[in-house]
Amino acid sequence: MQYAILTVYVSVRDGSLRRPMNKRFLQNVRFVPANSSFVDDVFHLKSKASLVHKLSESTHLFLTSSLQSSIFKLGFASDTFTVNRLINSYVKLRETNTARKLFDEMPEPNVVSWTSVISGFNDTGQPQTALSMFQQMHEDEYVAPNEFTFASVFKACSALAESRIGKSIHARLEMSGRRSNTVVSSSLLDMYGKCNDVETARRVFDSMIGCGRNVVSWTSMITAYAQNARGHEAIELFRTFNADTTTLDRPNQFMLASVISACSSLGRLQWGKVAHGVVTHGGYETNHVVATSLLDMYAKCGSLSCAEKIFLTICRHSVISYTSMIMAKAKHGLGEAALQLFDEMVAKRIRPNYVTLLAVLHACSHSGLVTEGLGYLNSMVEKYGVVPDPRHYTCVVDMLGRFGRVDEAYALAKTIEVGGEQGALLWGALLSAGRLHGRVDIVGEASKRLIESNQQVTSAYVALSNAYAVAGGWEDSESLRLEMRRGGNVKERACSWIEIKDSVYAFHAGDLSCDESGEIVRFIKDLEKRMKERGHRGSSSMITSSSVFVDVDEEAKEEIVSLHCERLALAFGLIHLPEGSTIRIMNNLRMCRDCHEAFKLISGIVEREIVVRDVNRFHCFKDGSCTCRDFW
C-alpha cells in the first residue's frame, strides 16, 4: 500500500517563508494511505485558515490581490465565508469598487457581505451609495439586516443629514426587534443629533435606560446638544454623567471636546475650567483635538492668557491650532500679534487653509490694518494656493467699511455674487459701515438688499429707520417702524450675562425685575457720579446714528443709557465678585458707544480689568483704555 507523509511546517518570523520540522520530530508524524480523503480535507482546511488569517492582517493592496488569486486557484471563490474576508480586506484598504465587484459575483451573499460593502461606501465618503445598497438589501427577501447593518445605514443618514430616510429606517429597526442593541441605539441617537432633531435624539437616549447606555451614547447626546446651540443642556448632561455612580465609564476625548465647545459658545469660563480639570485627570491634555478645544474655549471666554498657555503646551502644532490662536488674537484686537503668529506658522511650513486666511483678514479688519489686509487678499492664490470665496470678500468689505472707505467697500460688495446667509453677512457688514459713518445712502441700499432677500429683516428695518431719523426724515422713519410691526418683525432684545461661581445671571436692557435691582441702580448712580467728576459728559455727547432718541430730554437719555444690559451686568459683577478679580461679561449684540466710553472710564475708577464679549469681538478695558483702541 502506498503512503503519503503529512509533513508538518512551522512559520518563521516574517510569515512568508516556511521550513520543515527536524528529523527527531518527524518520528511522530502520522502516516496515512495516499488515497485517503484525510489529506485533501486537512490541506483544504489549512489553506483556508491560512488565507483568512493573512487577509485579516493585510495592509497592502498587492498582498490582498495575490491572496485573491490564491483563493480562486484553490476553489474558494464560491465559499461565502472566505470571500467575505476578502471583501472586508478590500474595504479596509478603501478599495470599495473592487469589493463591490466581488460582492456582485457572489452566488449567495449573506448579511456580512451586504454590511461590509455598505460600511465601505460609508468610509469612502459615499453615503448615498450606501443607502442605495441598503435599499437593494431590503428588496432581497432572503437576507435581513443585523445590528451592524443598521448602525452603518444610520451613519450614512448622519452624513447626509437625511432625517426623512433615517426615520423610515428607524421604523424598520423597531419592527426587526433589534432596537435594544446599544450599538444600534447609539447610531440612531447620533443620526437624529446630526439631523438637528434633538428632541427625538433625547427620546432615543432616554429609552436606552436599562439596556446599556455607554460612553458612546452619552457622548452622542452631549454632542447633539452642543452642536445645536443648546450648550446649557450639554453641560447639565455632562454633570449628570459625572455624578452617575452606576457606571464605570469615564469621559473620552470626544465627550470632553463637545463639553468644552458648549462652554465656549456660552462663555461659561468656570465650567470650562471644570472640564479642563477632567481633561487633566483623564490624561487627555496631549490629545490635539482636546487641547485645541481648550484653547478655543479660553479665548472665547475672554481669558486670552490661558489660551496662550494651552497653545504653548501643544507639542506638535497643526493648521488647526495655529488658526485657532490667530483668530483668538484677532478677536481680542491684537492684529499685529496675529499676523506675527501667521508668519511663524508659514515659516514652520504649516500650510494655511481658507479658515486661516479668514482669521488673518479678520485680524486686519479689527485692527485697522487695511493695507496689510488688501495685500493678503491679493496674494492668497499665488502665495498660499487658497482661492478667495465670499467669506473672504465679506471680511474685506467689513475692513474697508470700518476704516471709513465706505465707497470702496460698496463697490467691492456689488461685484460679489452671493445670496442666502452669506449674502446677508456681506450686506450686513456694509450696513454696519454705513451706520457707523453716517452714510444714509449706503444704509438705505444695504437695508433694501437685506429686506428683499428676506435676511436680517428686523435689523435692516431698524437701521434704515434710524438712518432716516438722523437725516431728519421722521415720517419715513415712522412709516418703516409701522411696516416692521405689521410684518411681525421684532427687534432682538439686548441681553448681557455674567458668570459668578457656578451660576449665570442674565440682564436685559431696562429690566429691573431682579431682587437686587435697588442695590444695582444705586451702584450705577454712584459710578455715574464718579464718572462725571472725571469729566464724563454722559450719553448726550455720544448720540450717533446707531442710537437715536426722539423727543427725549437729556435726563431721560441718561436714564435710558444707564440701564443698558451690559451696565446692569457690570454693576452686579462689581458688587458680587472679589475685589481685584476680572469682570467678564457676555453680550448678544454689538456694544454701544455710550457703554464703551463708560466702561473705559469705570475700569480706571474701580481699578479692575473688564472683559466684554459682544457679537463681533472682545473689548478688554483696563486703566481707562480698551484693547480695540476705539476701532471696532
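Residues numbered from 1 in each chain as written. Predicted model: local features only at pLDDT ≥ 70, side-chain atom pairs only at ≥ 80, totals over all residues. Heavy atoms only, no water.

## A word on the sheet that holds strand β8 (residues 610-613)
Read across the sheet, six strands follow the order β6-β5-β7-β8-β9-β10 without closing on themselves; strand pairing throughout is mixed. At either margin of the open sheet sits one strand with a lone partner, and together these are β6 (503-508) and β10 (625-626). In terms of strand pairing, strand β5 (residues 495-500) meets β6 through six bridges, oriented antiparallel. Residue pairing across strands places Glu499 opposite Val504, the latter belonging to β6. Along the sheet face, helix α30 (residues 565-576) touches β5, β6, β7 (583-587) and β8 and points at about 15° away from the line of β5. (Pairing = 2+ DSSP bridges. Helix = DSSP H or I, 4+ residues; strand = E, 2+ residues; numbered from the N terminus. Contact = heavy atoms within 4.5 Å. Axes fitted to C-alpha atoms, helices over the stretch in contact; angles between N-to-C directions.)

## Section: the environment of Leu339
Looking at the element boundaries, Leu339 is found in helix α19 (residues 335-347). Remark: the alpha-carbon pair of Leu339 and Glu372, spanning 33 residues in sequence, is separated by 9.3 Å. Ignoring any residue separated from it by four or fewer positions in sequence, one finds Leu339 in contact with Val360, Cys364, Leu369, Glu372 and Tyr376.

## Concerning the UniProt feature "repeat: PPR" (unreviewed entry) in the protein chain
Under the UniProt annotation, the feature "repeat: PPR" (unreviewed entry) is placed at residues 79-109, 110-144, 181-215 and 318-352. When the span residues 110-144 is considered, its composition is 74% helix and 0% strand, and the gap between its end C-alpha atoms is 9 Å. (UniProt positions renumbered as here; feature names shortened; annotations may be inferred.)

## What about the pairing of β8?
With burial as the criterion, each face of β8 is covered, one bearing Ile610 and Val612 and the other bearing Val611 and Arg613. Where β7 lies against β8, four bridges are found, and the strand directions are parallel. Paired with Ile585 across the strands is Val612, a residue of β8. Each parallel crossover has a hand, and for β7 linked through helix α31 (residues 593-606) to β8 it is right-handed. Where β8 lies against strand β9 (residues 618-622), four bridges are found, and the strand directions are antiparallel. Following the sheet pairing, Ile610 is matched in β9 by Phe621. The hairpin turn running from β8 into β9, its antiparallel successor, is four residues long. (Buried < 20%, exposed > 50% of the residue type's maximum accessible area, 1.4 Å probe, protein only. Right-handed = clockwise from strand over helix to strand, strands pointing away.)

## Topic: the side chain of Asn122
Note that Asn122 resides in helix α6 (residues 111-123). Exposure remark for Asn122: the relative accessible area of 11% places this residue in the buried category. There is a polar contact of 2.6 Å between the side chain of Asn122 and the backbone oxygen of Ser152. The residues contacting Asn122, other than those within four sequence positions of it, are Pro127, Ala130, Ser152, Lys155 and Ala156. (Polar contact = N/O pair within 3.5 Å; in protein donor to acceptor, adjacent residues only side chain to side chain.)

## Brief notes about helix α24 (residues 420-436)
Between the first and last C-alpha of α24 there are 24 Å, a value that for 17 residues agrees with the 24 Å anticipated at 1.5 Å per step. Residues Gln422, Gly423, Ala424, Leu426, Trp427, Gly428, Ala429, Leu430, Leu431, Ala433 and Gly434 constitute the buried set of α24. Just downstream of α24, Gly438 is the residue with a positive phi angle, here 70°. (Expected span 1.5 Å × (residues − 1).)

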